[in-house]
Amino acid sequence: MPSPAAPLLMRLLACSASAAVRAGAYVHEVMRSGELGIVIKGHNDLQTQADRGAQRLITANLRAAFPGLTVIGEEEEDPAAAPLGPDEIVEPLDEVLQQCHRCPEKVQNVRPEDLTVWVDPLDGTSEFADNLLDNVTVLIGVALEGQAVAGVVYQPYYRYLTDPSQAGRLVWGLDGLGIFGMGSDSHRPLPTGRVVVTTRSHDSDTVTAAVTACGPTQTLRVGGCGHKVLLLLERRAHLYIFASAGCKKWDTCAPEALLRAAGGRLTDIFGRQLRYDPGVERPNNRGVLAAMRVEDHQRCVEAMPEDRSIIKKA
């Protein structure tokens, strides 16, 4: 277990990183078994055994390491779930703990009751079921007094088509400390023109109108909020636009925290900050707008069409 002398938020990040990697390994196990155990929760809303098992691994590890911590997962929890086995208990990631000396002063003394953890154990479940595996991520976001401040995004199938030996990619970050795990991807120049990334499977007239208003020269349609934000962090796209109420807090908390740590911005499509307090409504009813550059984000907010009738503004 991490040293109690380390700041609580860094210890939580270190455990979250290890839990995300362990959950990613479980996702691989389910895919290899061929027994996905798909349950249809609603329109374009699937759940698999990978979702259920990965969430159990993450939430049980975090609650065991941090008693009293509020942890909110996407999936309904099974009160009869078995306790973690010895091979399921994770140790904190040294890579994160090694940055403890750089922890921003403003978050060095936070209390467990100040924090809320939002977990999406398998972001991009539809893509997982459709074998679009590079779209899949494991998301663990940490909110401090309702604001996304720290996050872990694990991509279990990173470059699986071009380099099957690749074990996955772990990206983590803390606002005020920075982002880690992107390697050279974060240093490439942005593409020419204006590349917009948006939904693959939840399109609508409103979504299309919002994308068109921002004048894209290219539109990428992919799955998963985590994957879309990784494309921003990789500097393969300028904007992520989703003018619909389909995204939820567990989808956006970790990606928003990473963008904030990298100097970017994620809000609703009206430019208003999202809140991650425990009692907030789960859907992001006013959509999602994100960008690596603040000026791109503001320009897009100003360009949004007036008629966004299916998005709740109030």
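These figures come from a predicted structure and were not determined experimentally.

Attention now moves to the sheet that holds strand E13 (residues 288–291). Pairing is mixed across the open sheet formed by five strands, whose spatial order is E10-E9-E11-E13-E12. If you trace the sheet from one side to the other, it starts and ends with strand E10 (218–222) and strand E12 (265–267), each paired once. Ignoring strand direction, the axes of neighbouring strands in this sheet form an average angle of 20 degrees. Pairing geometry for strand E11 (residues 239–242) and E13, over four bridges, is antiparallel. Bridged to Phe 242 within E13 is Val 288. Strands in contact with helix H6 (residues 225–233) are strand E9 (195–199), E10, E11, E12 and E13; relative to E11, the strand with the most contacts, it is inclined by about 150 degrees.

Quick look at the packing of aromatic side chains now. Scanning the model with the defined rule gives four aromatic pairs in all. Between Tyr 157 and Tyr 160, the ring centres sit 5.7 Å apart and the planes meet at 75 degrees, which makes this aromatic pair edge-to-face. A centroid spacing of 4.3 Å and a plane angle of 10 degrees characterise the contact between Trp 172 and Phe 180, whose relative ring orientation is stacked.

Turning our attention to the state of the cysteines. All told, the structure shown has one disulfide when counted by the stated rule. Covalently, Cys 214 is tied to Cys 300 through a disulfide, its sulfur atoms 2.0 Å apart. Measuring handedness by torsion sign, the sulfur bridge of Cys 214 and Cys 300 sits at about 80 degrees and is right-handed. One end of the pair, Cys 214, is in the loop between helix H5 (205–213) and E10; the other, Cys 300, is in helix H8 (residues 294–303), and 86 residues separate them in sequence. Here the two residues Cys 214 and Cys 300 agree in accessibility, since each one is buried.

It is worth spelling out the pattern of salt bridges at this point. Under the defined criterion, the tally for this structure stands at 16 salt bridges. Of the charged contacts, one joins Glu 113 and Arg 111 as a salt bridge, the two residues approaching to 3.6 Å between their closest N and O atoms. Within this structure, Arg 111, Glu 113 and Asp 114 form a network of salt bridges that share partners.

Among the structural elements, Asp 296 can be located in helix H8. When its relative accessible area of 5% is taken as the criterion, Asp 296 is described as buried. Separated by 2.8 Å, the side chains of Asp 296 and Arg 293 make a polar contact. Residue contacts for Asp 296: discarding those within four places in its chain leaves His 238, Leu 239 and Ala 291.

Here we come to H8. Of all the residues in H8, the buried ones are Asp 296, His 297, Cys 300 and Val 301. The buried residues of H8 occupy an angular sector of 135 degrees when projected down its axis, which confines them to one face. Buried-residue contacts for H8 involve E11, E12 and E13.

Our focus in this paragraph is the UniProt feature "binding site: Mg(2+)" (unreviewed entry) in the chain. When the UniProt feature table is mapped onto this chain numbering, "binding site: Mg(2+)" (unreviewed entry) sits at Glu 74, Asp 120, Leu 122, Asp 123 and Asp 251. Spanning 178 residues, the annotated positions come together in the fold, the maximum distance between their C-alpha atoms being 9.6 Å. Position of Leu 122 relative to the elements: it lies in strand E4 (residues 115–123). With sequence-adjacent residues up to four places away left out, Leu 122 is seen in contact with Val 27, Thr 48, Ala 50, Asp 51, Phe 128, Val 136 and Thr 137.

Basis of the calculations
- Residues numbered from 1 in each chain as written.
- Predicted model: local features only at pLDDT ≥ 70, side-chain atom pairs only at ≥ 80, totals over all residues.
- Heavy atoms only, no water.
- Pairing = 2+ DSSP bridges.
- Helix = DSSP H or I, 4+ residues; strand = E, 2+ residues; numbered from the N terminus.
- Axes fitted to C-alpha atoms, helices over the stretch in contact; angles between N-to-C directions.
- Contact = heavy atoms within 4.5 Å.
- Phe/Tyr/Trp six-rings, centres within 6.5 Å; stacked < 30°, edge-to-face > 60°.
- Disulfide = S-S within 2.5 Å.
- Buried < 20%, exposed > 50% of the residue type's maximum accessible area, 1.4 Å probe, protein only.
- Salt bridge = Lys/Arg side-chain N within 4 Å of Asp/Glu carboxyl O.
- Polar contact = N/O pair within 3.5 Å; in protein donor to acceptor, adjacent residues only side chain to side chain.
- Arc of directions from axis to C-beta.
- UniProt positions renumbered as here; feature names shortened; annotations may be inferred.

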